[in-house]
Amino acid sequence: MLREGVSGSFHDNRMYVGLKGGDTMVSKATICATGVEYARLNLPGEERFFHSGVYYGAGASEACFCSGKDIFIVGGGNMAGQAVSYFSGFARKVYMVIRRDNLSHTLSDYLVKRIKAIPNVEILYNSNVTELEGDNELRRIKITNSVDHTETWYDTCKLFICIGGDPNTEWAIANNIVRCPSGYLVTGSDLFSHAAYKNQWQLDRLSYHLETSRPGLFAAGDVRFNSVKRVASAVGEGAMAVTQVHQYLAAL
Ligand SMILES: Cc1cc2nc3c(=O)[nH]c(=O)nc-3n(C[C@H](O)[C@H](O)[C@H](O)COP(=O)(O)OP(=O)(O)OC[C@H]3O[C@@H](n4cnc5c(N)ncnc54)[C@H](O)[C@@H]3O)c2cc1C
């Protein structure tokens, strides 16, 4: 069933997930695998060009549509770095737009070296995308340099925004489920140092590796604090979470 969950609450040893449209899903155990929602630039027109030139993250499936094009990837973290490296194999030129004056604060050393060695990659330092223009698709973007305040327009129909994201776990706050400061759900041994966990966990056993501070609620993949943000690990965690759900249910 593909439905959007819009609320979550716990009582009578059950989780109640409110679904968009009004239904409620009730379960003894739940796996939250809702990933991350990528951050926006909040520019005028950004919503209009979403999927018509503006993308959040840089899914590998988009790469073949970049053949022969000049594309822009915003962000200086590993997510952006991986995208720059991968898309440079398809695009004519990849511009990496970063706010800082160097990459080493935010990007793994191996990616800095790899990106700097790619001939069709240009890094625009101290730079921000400040305007978007187009018709039914993105046509050009303005880049403003924060040091010399120059403004330059570039023709492009592909802008990938890779500036991090929000795991959208606000529903967990009201349920006293332990999150990290960025909102990711904390599980397993990462919980042990949290005072809130020590105060509320009442079972004789400790939480399972993928179990949150709420017994029977598991987290897998990107939404989980300290997860390796990779497809293979998300899939692996999903499978592992199912096993832990079986363990949890068997012990009820
Ligand atoms: C630019 C970029 C490049 C990457 N490159 C690689 C790479 O080369 N190799 C690699 O292994 N990994 C890569 N990754 C990371 C990889 O994509 C993620 O780690 C992986 O997809 C995480 O899987 P997930 O299931 O946790 O989350 P997602 O794949 O994000 O899935 C979460 C799902 O939950 C749904 N959802 C969210 N909220 C709700 C709700 N309230 N109700 C119902 N459904 C909801 C979402 O719509 C989505 O379908 C890359 C990521 C990015 C952004």
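Residues numbered from 1 in each chain as written. Predicted model: local features only at pLDDT ≥ 70, side-chain atom pairs only at ≥ 80, totals over all residues. Heavy atoms only, no water.

**Points about the nonpolar core**
One recurring pattern in soluble globular proteins: nonpolar side chains tend to sit buried together.
Stage number 1. In this structure, Ile71, Ile73, Phe87, Val94, Met96 and Phe160 are the most contacted members of the largest nonpolar core, which totals 23 residues.
Stage number 2. Every element with two or more residues in this core is listed here: strand S7 (70-74), helix H1 (78-87), strand S8 (93-97), helix H2 (109-116) and strand S9 (121-124).
Stage number 3. Broken down by element, this core gets its largest block of residues, four residues, from H1.
Stage number 4. Setting aside residues no more than four positions away along its own chain, Phe87 makes contact with Ala58, Gly59, Glu62, Ala63, Cys66, Ile71, Ile73, Val94 and Phe160.
Stage number 5. Judged by nonpolar contacts, the second largest core, of 17 residues, contains Leu43, Tyr56, Ile143 and Leu159. (Core = buried A, V, L, I, M, F, W, Y, C linked by side-chain atoms within 4.5 Å. Buried < 20%, exposed > 50% of the residue type's maximum accessible area, 1.4 Å probe, protein only. Helix = DSSP H or I, 4+ residues; strand = E, 2+ residues; numbered from the N terminus. Contact = heavy atoms within 4.5 Å.)

**Here we look at the sheet that holds S9**
Strand pairing in a sheet takes place through backbone hydrogen bonds and is either antiparallel or parallel in direction.
Stage number 1. If you walk across this open sheet you meet the five strands as S6-S13-S7-S8-S9, and the pairing is parallel. One side of each edge strand has no neighbouring strand; the edge strands of this open sheet are strand S6 (54-56) and S9. Each strand of the sheet is rotated relative to its neighbour by a mean of 20°, with strand direction disregarded.
Stage number 2. Pairing analysis gives five bridges linking S7 to S8, with the strands arranged parallel. Following the sheet pairing, Ile73 is matched in S8 by Met96. (Pairing = 2+ DSSP bridges. Axes fitted to C-alpha atoms, helices over the stretch in contact; angles between N-to-C directions.)

**Things to note about the pattern of salt bridges**
Stage number 1. Tallying each qualifying case throughout the model produces 14 salt bridges.
Stage number 2. Between Lys20 and Glu4 there is a salt bridge, with the nearest N and O atoms lying 3.7 Å from each other. Note that Lys20 is positioned in the loop between strand S2 (14-19) and strand S3 (24-27) and Glu4 in the segment before strand S1 (5-11), a separation of 16 residues in sequence.
Stage number 3. Taking relative accessible area as the criterion, Lys20 reaches 52% and is therefore assigned exposed. (Salt bridge = Lys/Arg side-chain N within 4 Å of Asp/Glu carboxyl O.)

**Observations regarding the site of the ligand**
Stage number 1. With respect to spatial proximity, 17 residues lie near the ligand, and among them Gly5, Ala58, Asp222, Arg230 and Val231 are the closest.
Stage number 2. For the ligand, an oxygen atom lies 2.8 Å from a polar atom in the backbone of Asp222.
Stage number 3. One of the backbone N or O atoms of Arg230 is found 3.1 Å from an oxygen atom in the ligand.
Stage number 4. Protein contact buries 56% of the 1,000 Å² of open area that the ligand shows by itself.
Stage number 5. Secondary-structure elements contributing two or more residues to the shell around the ligand are H1 and helix H5 (231-250). (Near = heavy atom within 4 Å. Polar contact = N/O pair within 3.5 Å; in protein donor to acceptor, adjacent residues only side chain to side chain. Areas by Shrake-Rupley, 256 points an atom, 1.4 Å probe, with all protein chains shown as cover.)

**Quick notes on the packing of H1 against H2**
A pair of packed helices can be characterised by two numbers: the angle between their axes and the separation between those axes.
Stage number 1. Interaxial distance between H1 and H2 falls to 10 Å at its minimum, and their mutual angle equals 35°. By crossing handedness, the relation of H1 to H2 is classed as left-handed. Along the contact surface, H1 presents Asn78, Gly81, Gln82, Val84 and Ser85, while H2 presents Tyr110, Leu111, Arg114 and Ile115.
Stage number 2. Grouping the constituent residues of the contact of H1 with H2 by class yields four nonpolar, four polar and one charged. (Left-handed = near helix turned anticlockwise from the far one by under 90°. Nonpolar A, V, L, I, M, F, W, Y, C, P; charged D, E, K, R; others polar.)

**Looking at the sheet that holds strand S12 (residues 151-155)**
Stage number 1. Strands sit in the order S10-S11-S12 across an open sheet of three strands; the sheet is antiparallel. Looking at strand neighbours, the two that pair on one side only are strand S10 (127-134) and S12, the edges of this open sheet. Adjacent strand axes in the sheet meet at a mean angle of 25°, parallel and antiparallel pairs treated alike.
Stage number 2. The pairing of strand S11 (residues 138-145) with S12 spans five bridges and is antiparallel. Pairing of Ile141 across the sheet is with Tyr154, part of S12.

**Details of the domain arrangement of the chain**
Stage number 1. Taken domain by domain, the chain comprises domain 1 (29-35 + 167-250) and domain 2 (42-161).
Stage number 2. Computed over C-alpha atoms, the centres of domain 1 and domain 2 are 33 Å apart. (Domains from an automatic or database assignment.)

**Quick word on the packing of aromatic side chains**
Stage number 1. This model, assessed by the stated rule, comprises 12 aromatic pairs.
Stage number 2. Judged by centre distance (4.5 Å) and plane angle (10°), the rings of Phe72 and Tyr95 are stacked. Linking Phe72 in strand S7 with Tyr95 in strand S8, this pair joins segments that are 23 residues apart in sequence.
Stage number 3. Given a relative accessible area of 0%, Phe72 falls into the buried group.
Stage number 4. Assessed through its relative accessible area of 10%, Tyr95 is described here as buried. (Phe/Tyr/Trp six-rings, centres within 6.5 Å; stacked < 30°, edge-to-face > 60°.)

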